[in-house]
Amino acid sequence: MTSGSKKIEKTGVLWTMLASSLLAVVSFATPALSQDAAPLSANPAARSAAETQAPPGENQGVTPDPFSGFNEPMFTFNLKLDDWVLRPVASGYSFIAPQPVREGVGRFFDNVRVIPRFANNLFQLKLAEAGTEVARFGINTTIGLAGFFDPADEWFGLEEHPNDFGLTIRYYNIPTGPYIMLPFFGPSTVGDTVGLVADGAMNPMSYLLPWYVTLSAGAGQRVVEAVNYRSLHMNQFEEADRYAIDLYGAVQDAYLQTRNHEVKKLHEEQW
C-alpha cells in the first residue's frame, strides 16, 4: 500500500508540473502589437512599453540584430500562438465580462506587482517614489478592495511610478545587450531578460510555499492576467498588421525606443 501511494503521489506531482507548464505556455503567448507602441506580452517590461508612446524622432537608425535568425521565427511563433489560442479565449472572455470588470481585474494584478516597483525605485535612490508605491499599495489593498479600484490616485493624487530591474540596469548606463524575442514572453534584450528574472525572484511566495504550489499559482495568475490584458486590447494587433510594412522591425524599433524613453524620463524625474 505504501509503495502504491508513493507511485500515485509521484504521478500527481508529474501531472501538476505538466499542467502548470501548459498553462504557462498559454499565458505567455501575447506577442507584438503596433507600429507606434511596443509589443504587448506577459513580460512586464514589454507591457509597460506597450502603454507608453515614445516621442517621434528618437529612432537612432538601423538597430543591430545579431540574433535575428532566432528572433524572427520566435516572433512568428508568438503571433501564431496569439492567433490560435490567446485571442479566441480573450474574445470569449470579453463577451462575458463587462469592460469595467476587466479593468478592475487589471488593476488588481497591477497592485500585486508592487514589490518590483518599490524595490527598483529604491535601487535608483528614488525614495519618494518608493514611498508612494508603499502608500498606494496600502490604500488600494484596503479602501480599493484588494486593488480592484484605485482610490490612491483618484482620491489622494498618488500616481503609480512604473519601474523594473531592466530599467534599473539602463538607469546606471549598464549595456543591456542585443535585442531578443523570447518565446511566450515577447520582446526583450539580454539585460531586460535578466531584469525579468530578477523581478520574478522578488515574489516572497516563492520562498514561503513549496515550488509546485508557487509554480501552479503563478501559471494560473499568468493565464488570467494575459487573457484579461488581451481582452482590453483586441484591435491593436490587427491595426499593426494592417499598417506596418515590416511588422517585426516596427515592433523591435518601438520596443527599444520606448525603453530608452522610459529611462530618459527616470533621469529627468518626470514620472
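As a reminder, the structure under discussion sits directly above these lines.
Worth saying up front: this structure is predicted, and the values here are computed from it rather than measured.

A.B. asks: Explanation requested: the nonpolar core in the structure shown.
C.D. replies: Membership of the largest hydrophobic core is limited to 11 residues, which are Met74, Phe75, Tyr179, Met181, Ala244, Leu247, Tyr248, Ala250, Val251, Tyr255 and Leu256. Among the elements of the structure, helix 3 (68-96), strand 1 (179-182) and helix 13 (247-268) are those that each provide at least two residues to this core. For this core, the leading source of residues is helix 13, giving six residues. Counting six residues, the second largest nonpolar core, distinct from the first, contains Leu86, Val223, Ala226 and Val227.

A.B. asks: What should I look at first to understand unusual backbone geometry in this one?
C.D. replies: Most peptide bonds take the trans configuration, and most residues that are not glycine carry a negative phi. Positive phi outside glycine occurs at leucine 125, with the angle close to 60°. Looking at the secondary structure, you find leucine 125 in the loop between helix 5 (114-123) and helix 6 (127-142). A relative accessible area of 68% means that leucine 125 is categorised as exposed. Even without a glycine there, the phi angle at phenylalanine 184 is positive, about 75°. Here phenylalanine 184 shows up in the loop between strand 1 and strand 2 (186-189). With a relative accessible area of 21%, phenylalanine 184 lands in the partly exposed category.

A.B. asks: Quick question: what am I supposed to make of a nonpolar patch on the surface here?
C.D. replies: A cluster of nonpolar side chains, Met205, Tyr207, Leu208, Leu209, Trp211, Tyr212, Val213 and Leu215, forms an exposed patch at the surface whose accessible area comes to about 810 Å². Those elements that provide at least two residues to the nonpolar patch are helix 10 (205-208) and helix 11 (211-231). For the nonpolar patch, the leading source of residues is helix 11, giving four residues. Here leucine 215 lies in helix 11. For leucine 215, a relative accessible area of 37% translates into the label partly exposed.

A.B. asks: What's the story with the pattern of salt bridges in this structure? I'm lost.
C.D. replies: Across all of its chains, the model carries 12 salt bridges by this definition. The residue arginine 113 makes a salt bridge to aspartate 110 at a minimum N-O spacing of 3.5 Å. Given a relative accessible area of 22%, arginine 113 falls into the partly exposed group. With a closest N to O distance of 1.9 Å, arginine 113 and glutamate 225 form a salt bridge. Pair noted here: arginine 113 is in the loop between helix 4 (99-112) and helix 5 and glutamate 225 is in helix 11, with a separation of 112 residues, a long-range link. What emerges from the salt-bridge pattern is a single network uniting Asp110, Arg113, Arg117, Glu133, Arg136, Asp150, Glu160 and Glu225.

A.B. asks: Before we go on, may I ask you to explain the environment of proline 64 in this structure?
C.D. replies: The topology assignment puts proline 64 in the loop between helix 2 (44-50) and helix 3. The sequence separation of proline 64 and proline 178 amounts to 114 residues, and the corresponding C-alpha distance is 7.3 Å.

A.B. asks: Would you mind going over the side chain of asparagine 228 with me for this structure?
C.D. replies: Inspection of the secondary structure puts asparagine 228 in helix 11. Separated by 3.0 Å, the side chain of asparagine 228 and the backbone oxygen of arginine 102 make a polar contact. Beyond its immediate stretch of four places on either side in the chain, asparagine 228 contacts Tyr93, Arg102, Val105 and Gly106.

A.B. asks: Please clarify how the packing of helix 3 against helix 13 should be interpreted in this entry.
C.D. replies: Helix packing for two helices is described by the angle between their axes and how far apart those axes are. Relative orientation of the contacting elements helix 3 and helix 13 amounts to 100°, with a least axis distance of 11 Å. Considering the angle they form, helix 3 stands roughly perpendicular to helix 13. Facing Ser68, Asn71, Glu72, Phe75 and Leu79 of helix 3, the residues of helix 13 in contact are Leu247, Tyr248 and Val251. Taken together, the residues of the contact of helix 3 with helix 13 sort by class into five nonpolar, two polar and one charged.

A.B. asks: Sorry if this is basic, but what is going on with the side chain of asparagine 71 here?
C.D. replies: Relative to the helices and strands, asparagine 71 resides in helix 3. Of the polar contacts made by the side chain of asparagine 71, one reaches the backbone nitrogen of methionine 181; its length is 2.8 Å. Setting aside residues up to four positions removed in sequence, asparagine 71 forms contacts with Asp65, Tyr179, Ile180, Met181 and Tyr248.

A.B. asks: I tried to follow the packing of aromatic side chains on my own but got confused; where do I start?
C.D. replies: Working definition: an aromatic ring pair is given by the centre-to-centre distance plus the angle between the planes. Going through the model one piece at a time under the given rule, you end up with nine aromatic pairs. Ring geometry for phenylalanine 108 and phenylalanine 148: centres 5.1 Å apart, planes at 20°, overall stacked. With phenylalanine 108 in helix 4 and phenylalanine 148 in the loop between helix 6 and helix 7 (151-154), this pair connects stretches of sequence that are 40 residues apart. Relative accessible area serves as the criterion here: at 33%, phenylalanine 148 is assigned to the partly exposed category.

Definitions and limits used
- Residues numbered from 1 in each chain as written.
- Predicted model: local features only at pLDDT ≥ 70, side-chain atom pairs only at ≥ 80, totals over all residues.
- Heavy atoms only, no water.
- Core = buried A, V, L, I, M, F, W, Y, C linked by side-chain atoms within 4.5 Å.
- Buried < 20%, exposed > 50% of the residue type's maximum accessible area, 1.4 Å probe, protein only.
- Helix = DSSP H or I, 4+ residues; strand = E, 2+ residues; numbered from the N terminus.
- Patch = residues over 30% accessible without salt bridge, like charges linked within 9 Å, V, L, I, M, F, W, Y side chains within 5 Å.
- Areas by Shrake-Rupley, 256 points an atom, 1.4 Å probe, with all protein chains shown as cover.
- Salt bridge = Lys/Arg side-chain N within 4 Å of Asp/Glu carboxyl O.
- Polar contact = N/O pair within 3.5 Å; in protein donor to acceptor, adjacent residues only side chain to side chain.
- Contact = heavy atoms within 4.5 Å.
- Axes fitted to C-alpha atoms, helices over the stretch in contact; angles between N-to-C directions.
- Parallel < 35°, antiparallel > 145°, perpendicular 65-115°, else oblique.
- Nonpolar A, V, L, I, M, F, W, Y, C, P; charged D, E, K, R; others polar.
- Phe/Tyr/Trp six-rings, centres within 6.5 Å; stacked < 30°, edge-to-face > 60°.

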